[in-house]
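Observations on chain architecture
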Amino acid sequence: MKILLALDGDRVAAHFGHAPAFMVAEIEAGEVKSKELLPNPGHRPGFLPAHFSRLGISCVIAGGMGPRAQELFQAHGITPIVGVQGAVDEVLKAFVRGELVSGPSMCEHGQGDSHHGCGGHCGGHSS
């Protein structure tokens, strides 16, 4: 499984579309097998969900994302997880363990779900 984390330095970015960079992490058998840093190719409505779908991303993690962006990711078979904060390495470890906690979207575009665990997102956390 490949997941995508929106980055702002070494932390999860508060707003997906304005993240300076992304990390693609490949998870296999409950372990992070690889990590790749990608610059943000630009915030163009509708482009990123299709782009990341072509890269095989199953799940995207960010602090915030507007409801339309979430819908576009879902339409491309990518599960958005919003309301996530913290150091990227710690967030990635929590995701792999199935302990990632998400919450409302941190951006002004709209609100996500109330706080909940991430169990069951992205078809589970092992691939």
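Now for a look at the structure at hand. Here the structure is a predicted model, which means the values were calculated and not measured. (Residues numbered from 1 in each chain as written. Predicted model: local features only at pLDDT ≥ 70, side-chain atom pairs only at ≥ 80, totals over all residues. Heavy atoms only, no water.)

**Describing the overall build of the protein chain**
The helix and strand tally for the protein chain stands at 3 helices and 8 strands. Within the protein chain, the fraction of its 127 residues that count as buried is 46%. When contacts within the protein chain are restricted to residue pairs at least 6 apart in sequence, those whose partners lie at least 24 apart make up 48%. A total of about 6200 Å² of accessible surface is found on the protein chain, and carbon and sulfur atoms cover 51% of it. (Helix = DSSP H or I, 4+ residues; strand = E, 2+ residues; numbered from the N terminus. Buried < 20%, exposed > 50% of the residue type's maximum accessible area, 1.4 Å probe, protein only. Contact = heavy atoms within 4.5 Å. Areas by Shrake-Rupley, 256 points an atom, 1.4 Å probe, with all protein chains shown as cover.)

**A look at the environment of L5**
When you line up the elements, L5 lands in strand β1 (residues 2-8). On the basis of relative accessible area, L5 is assigned to the buried category, the value being 0%. Dropping the residues within four chain positions of it, L5 is found in contact with A21, F22, M23, A25, I61, V88, V91 and L92.

**With respect to the environment of V96**
Residue position: V96 is located in helix α3 (residues 88-97). Along the backbone, V96 and V32 are 64 residues apart, and their C-alpha atoms lie at a distance of 7.6 Å.

**Concerning the pattern of salt bridges**
Opposite charge on two side chains permits pairing when their charged atoms draw close. What the rule picks out here adds up to 5 salt bridges. Between K93 and E90 there is a salt bridge; the shortest N-O distance is 3.6 Å. One end of the pair is K93 and the other is E90, both in helix α3 and 3 residues apart, which spans about a single turn. Look at E90 and you get partly exposed, because its relative accessible area is 46%. (Salt bridge = Lys/Arg side-chain N within 4 Å of Asp/Glu carboxyl O.)

**Description of α3**
Within the sequence span of α3, burial applies to V88, V91, L92, A94, F95 and V96. Of the residues flanking the end of α3, it is G98, one or two places downstream, whose phi is positive at about 75°.

**Remarks on the nonpolar core**
Judged by nonpolar contacts, the single largest core of 19 residues is most densely connected at I3, L5, I61, F95 and L100. Broken down by secondary-structure element, the contributors of at least two residues to this core are β1, β3 (21-28), β5 (57-61) and α3. Residue contributions to this core peak at 6 residues, all from α3. Apart from residues lying up to four places away in sequence, I3 is in contact with M23, V24, A25, I27, I57, C59, I61, L92 and F95. The next biggest cluster of nonpolar side chains, apart from the first, holds 17 residues, and it includes A6, A62, I78 and V82. (Core = buried A, V, L, I, M, F, W, Y, C linked by side-chain atoms within 4.5 Å.)

**A short note on the side chain of Q70**
Among the structural elements, Q70 can be located in helix α2 (residues 67-75). For Q70, the residues in contact, after removing those within four places along its chain, are M65, P80, V82 and S105.

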